[in-house]
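Examination of the molecular architecture
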Amino acid sequence: MNLETSIEYVKGIGPERAKLIKSVLSLSTVEDLLNFYPIRYLDKSKIYTVSQLKEETSQEIQLKGRITHVQEIQTGKTKRLSAKFNDETGSMDLVWFQYSKWLKEQLPINKEVYIFGKINVFNRQFSMPHPEIEAEENKEGDTRLKPIYPSSEKLTKRGLNQRFFQNALRNICKEIPSLIEENFPEYLMKTFKFMSRQHAFLNVHFPKDQEHFDKADYRLKFEESFFFQLGYGLKKLHHKTQSYGNPFRIIGDHFNDFYENHLPFELTNAQKRVLKEIRLDMKRPIQMNRLLQGDVGSGKRWLPFLPCLLRWTTGFKAA
């Protein structure tokens with residue numbers, strides 16, 4: 001496996017799923033998936049009890065207990081699936097407003113499970129709609145922060161849910177030692193105390209804790225900005241040293257006539273200074289890049305217009 005390997009060869013994906021992922025998320029290669037960062041993380045380090053629930057609880061939380069008394073409830077033309085969740089301190093309802101026959105049959109009844117989701121409160125009764133359920137024997141204890149990736153309804157309906165992406169990225173992350181090379185020199189790593197590039201990718205997908213994620217996030221953001229600026233700097237250097245254009249050294253009659261006879265006001269000293277700087281730049285055979293800044297109504301539009309007359313004098317077009 002290398003960074004250019006098609007995602008269909010990643011364990012657990014295959015040709016059909018790869019085709020769907022490419023059409024929805026535009027991800028084609030292993031490198032694309034490695035750069036498919038989570039949008040947020042779920043903190044499953046703490047397990048709550050029913051007795052600890054509060055009406056103002058707004059974040060997603062985790063509880064441990066057993067599911068009992070599953071039933072379908074019909075109200076008018078709509079159905080919902082309801083189940084009772086119990087731990088040593090009390091009970092609450094789990095509810096699914098959209099569900100399949102498969103879900104109803106696969107719920108782990110009277111087995112120790114972990115549930116994860118947001119709490120709703122109605123008539124002082126707690127419930128958790130559409131909880132994430134994980135059997136105790138399948139509980140993953142190797143990571144504190146669980147990644148949540150960008151997705152869509154189309155992907156979820158085809159079984160490409162969060163667990164699918166987490167497993168796919170976990171399989172890729174196992175190969176990171178052979179996939180990722182360090183691209184910063186040692187002195188830069190020491191100066192900024194950077195996490196290694198390999199550890200940065202590991203901890204942005206499956207961070208050990210918040211501190212490891214912060215270091216990984218800082219490293220990868222710095223890297224992206226650094227190489228963007230480096231590319232821009234090299235391009236600018238190329239324009240100044242190797243890419244030559246047409247110098248405009250002659251002021252000409254068009255400019256002089258407009259400036260002396262048709263300009264409806266006298267330029268301020270600041271405008272004259274900036275115009276002179278622009279004319280000096282245009283005498284050189286290299287690309288000029290300028291940002292003109294001024295208050296509303298200060299006459300900024302005249303300063304780009306007047307140099308256009310310099311180009312017109314020498315037979316060039318300007319916009």
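It should be emphasised that the depicted structure is a prediction, and the values quoted were computed from it without experimental measurement.

Conventions adopted
Every chain is numbered independently, its residues counted from 1 as its sequence is written. Whole-chain, interface and lining totals are the exception, using all residues; otherwise, since this is a predicted model, local features are given only for residues with pLDDT of at least 70 and side-chain atom pairs are given and counted only at 80 or more. Remark: hydrogens and water are excluded; side-chain values derive from all non-hydrogen atoms of the structure. Where helices and strands are cited, they refer to DSSP runs of H or I of at least four residues and of E of at least two residues respectively, numbered from the N terminus. Each radius of gyration reported is based on C-alpha atoms, and the globular scaling rule is 2.2 Å times the count of residues to the power 0.38. Here the term buried applies to any residue with accessible area under 20% of the maximum for its type, exposed to any over 50%, and partly exposed to those in between, with areas from a 1.4 Å probe on protein chains only. Residues enter patches when their relative accessible area tops 30% and they take part in no salt bridge; the joining distance is 9 Å for like charges and 5 Å for the nonpolar side chains Val, Leu, Ile, Met, Phe, Trp and Tyr. Where accessible areas are quoted, they stem from the Shrake-Rupley method and a 1.4 Å probe; at the residue level, only the protein chains shown are allowed to cover. Definition used for salt bridges: Asp or Glu carboxyl oxygen within 4 Å of a side-chain nitrogen of Lys or Arg. Scored between 0 and 100, pLDDT is the confidence that the predictor attaches to each residue. Any two strands with at least two DSSP bridges between them are considered paired. Orientation is described by axes fitted as lines to C-alpha atoms, over the contacting stretch for helices, and by angles from 0 to 180 degrees between their N-to-C directions. For our purposes a nonpolar core is just a set of buried Ala, Val, Leu, Ile, Met, Phe, Trp, Tyr and Cys residues, chained together by side-chain atoms within 4.5 Å. The contact criterion used throughout is that any non-hydrogen atoms of two residues lie within 4.5 Å.

Let's shift gears to the overall build of the protein chain. From N to C terminus, the protein chain includes 12 helices and 9 strands. Against the globule reference of 20 Å for 319 residues, the protein chain gives a C-alpha radius of gyration of 31 Å, more extended than a compact globule. Referenced to the eigenvectors of the C-alpha coordinate spread, the extents of the protein chain come out at roughly 95 × 50 × 40 Å. Expressed as a percentage of its 319 residues, the buried residues of the protein chain come to 34%.

Judged by side-chain polarity, Phe 226, Phe 227, Leu 230, Leu 234 and Leu 237 come together as a nonpolar surface patch covering roughly 440 Å² of accessible area. Residue placement: Phe 227 occurs in helix H9 (residues 210-241).

Overall, the predicted model of the protein chain reaches an average pLDDT of 88, with 97% of residues at or above 70. Put simply, helix H3 (residues 101-106) is where the protein chain has its lowest mean pLDDT, 78, and helix H8 (residues 197-205) is where it has its highest, 96.

What follows deals with the environment of Pro 177. With respect to the helices, strands and loops of the structure, Pro 177 is situated in helix H6 (residues 176-179). Sequence spacing of Pro 177 and Gln 198 is 21 residues, and the spatial spacing of their C-alpha atoms is 6.7 Å.

Right, let's talk about unusual backbone geometry for a bit. Located in the positive-phi region is His 130, a residue other than glycine, with phi close to 45 degrees. For His 130, a relative accessible area of 39% translates into the label partly exposed. With phi around 55 degrees, Lys 193 is a residue other than glycine that occupies positive phi space. For Lys 193, the position within the fold is in the loop between helix H7 (186-192) and H8.

With that settled, consider the sheet that holds strand E6 (residues 120-122). If you walk across this open sheet you meet the 7 strands as E6-E7-E4-E3-E2-E5-E8, and the pairing is mixed. Both outer strands of the open sheet, E6 and strand E8 (132-135), are each paired with one neighbouring strand and no more. Pairwise comparison of adjacent strand axes, ignoring direction, gives a mean angle of 40 degrees for this sheet. In the sheet, strand E2 (residues 61-75) pairs with strand E3 (residues 78-87) via 8 bridges, with the strands oriented antiparallel. By the bridge assignment, Ile 73 is partnered in E3 with Arg 80.

The next thing to look at is the nonpolar core. Ile 13, Ile 21, Leu 33, Leu 34 and Phe 165 are the most contacted members of the largest nonpolar core, which has 34 residues in total. Secondary structure elements with two or more residues in this core: helix H1 (14-25), helix H2 (30-34), helix H5 (162-173), H6, H8 and H9. In terms of residues, this core owes the most to one element, H5, which gives 6 residues. Among residues more than four places away in sequence, those in contact with Ile 21 are Ile 7, Ile 13, Ser 26, Leu 27, Leu 160, Phe 164 and Phe 165.

The next point concerns the side chain of Ser 82. Of note, Ser 82 is situated in strand E3. Owing to a relative accessible area of 11%, Ser 82 belongs among the buried residues under this scheme.

The subject of this paragraph is the pairing of E3. Between E2 and the antiparallel strand that follows it, E3, lie 2 residues; Gly 76 among them carries a positive phi value of about 65 degrees. One ladder, built from 7 bridges, connects E3 with strand E4 (residues 90-96); its direction is antiparallel. Bridge pairing in E4 places Ser 82 opposite Val 95. Once E3 ends, the chain turns through 2 residues before running back antiparallel as E4.

This part takes up the pattern of salt bridges. Per the stated rule, a full pass over the model turns up 16 salt bridges. Salt-bridge contacts for Lys 84 lead to Asp 93; the nearest nitrogen and oxygen are separated by 2.9 Å. We classify Asp 93 as partly exposed; its relative accessible area is 27%. With a closest N to O distance of 2.8 Å, Lys 272 and Glu 266 form a salt bridge. Of the residues examined, Glu 266 reaches a relative accessible area of 60% and is grouped as exposed. Salt bridges sharing common partners tie together Arg 273, Glu 277, Asp 281, Arg 284 and Arg 290.

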